[in-house]
Amino acid sequence: MERYGLVLEGGGMRGAYTAGALAWLNDHDVTFDYGAGISSGALYLICYLMRNKHVPHKMSTEYVADPDIVGLSAFVKEHHYVAYQHLFHDLVDKENFSIAQLKEENPDMEIGCYDLQKGETIWFNAQDLDDNLQLVLAACSLPIASARVKFNGREYLDGGITKMIPIERSIERGCTKHIVITTKPAGYVRKPGSPAVKVMMKMFYHNYPKMVEDYAIRHINYNHQMDLIYRLVDEGNAMLFRPSSTLHVARFSGNTPELQELYDLGYQDMENRKEELFRFLGKTE
């Protein structure tokens, strides 16, 4: 029998597209045998599995647009470009968000975090998650822009350092068909990091040379992952969903109207391809 995997890229504020797409899947009771999420895709995967559309919508269209989250205000509060602690432990906490339901239902899912000591992306399942959302915070915490996140004596950052689109993990977990949701439009090609970023990486993480090396080849890994996805699509073993139009939202910039437009685009792109999706999944509406 076929085994269907859901594969979610991150993308910072561009994750509003993923949140909208997953809302459509929830509204149409579409489920998968396995799910893998990276960065913002990790949080939205968890919410999708809990059938919680409220938190992803608030997070992706309002909370990330809070002026205290990105920039000077964030640096004053948390000494980093993005105030992840405020985002997770003030804004999300007030939604009384709990992963208890997920742990009880125990779906086959994983989120990726980069283990700084090991120098590789580690995968965590539903039972690994903590009530304080530290692992989810770690999964979303980008290098330089955020603090390292400590959990059980180890330090973690965003698993997208090596696994920006976790298609390889979906294959490793035995999935034969894949639904991939990315946040970049058609034609996007990731380029090498700028010289300034490379210098900052060496300054910030000189004690973790493997991580610095991995970050320097992110563009190679990303383009390899996309090539693999294109091949699977051509073979009829994957469907790729990505923004059908270019909107003015970047990883760290976007206001609420722009983010809502991107969220709505994610929902509409799924709706526009629903017949194709149901055929792919072998389902009826």
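Use the structure listed above.
Residues numbered from 1 in each chain as written. Predicted model: local features only at pLDDT ≥ 70, side-chain atom pairs only at ≥ 80, totals over all residues. Heavy atoms only, no water.

### Quick word on the overall build of the chain
Along the backbone of the chain there are 13 helices and 8 strands. Reported as C-alpha extents along the three principal axes, the dimensions of the chain are approximately 50 × 40 × 40 Å. Here the chain holds 285 residues, and the buried ones make up 55% of them. Taking contacts inside the chain between residues at least 6 apart in sequence as the whole, the part at least 24 apart equals 74%. If the 30 positive side-chain charges of the chain are averaged to one point and the 38 negative ones to another, these points end up 5 Å apart. (Helix = DSSP H or I, 4+ residues; strand = E, 2+ residues; numbered from the N terminus. Buried < 20%, exposed > 50% of the residue type's maximum accessible area, 1.4 Å probe, protein only. Contact = heavy atoms within 4.5 Å. Lys, Arg positive; Asp, Glu negative; His and termini not counted. Charge placed at Lys NZ, Arg CZ, Asp CG, Glu CD.)

### Side note on helix 12 (residues 256-272)
What sets the pattern is the α-helix's 3.6 residues per turn: residues three or four places apart point alike. Between the first and last C-alpha of helix 12 there are 24 Å, a value that for 17 residues agrees with the 24 Å anticipated at 1.5 Å per step. Within the span of helix 12, buried status applies to Leu259, Leu262, Tyr263, Leu265, Gly266, Asp269 and Met270. In an axial view of helix 12, the angular spread of the buried residues amounts to 150 degrees, which keeps them on one side of the axis. Opposite the buried face of helix 12, by more than 90 degrees, sit the exposed residues Pro257 and Asn272. Buried residues belonging to helix 12 abut helix 1 (16-27), helix 3 (54-61), strand 8 (238-241) and helix 13 (274-281). Measuring from the backbone nitrogen of Glu258 back to the side-chain oxygen at the start of helix 12 gives 2.9 Å, which picks out Asn255 as the cap. (Expected span 1.5 Å × (residues − 1). Arc of directions from axis to C-beta. Polar contact = N/O pair within 3.5 Å; in protein donor to acceptor, adjacent residues only side chain to side chain.)

### Thoughts on helix 5 (residues 84-92)
Burial in helix 5 covers these residues: Tyr84, His86, Leu87, Phe88, Leu91 and Val92. Check the buried side of helix 5 and you find it contacts helix 2 (40-49), helix 3, helix 4 (72-78) and helix 7 (134-140).

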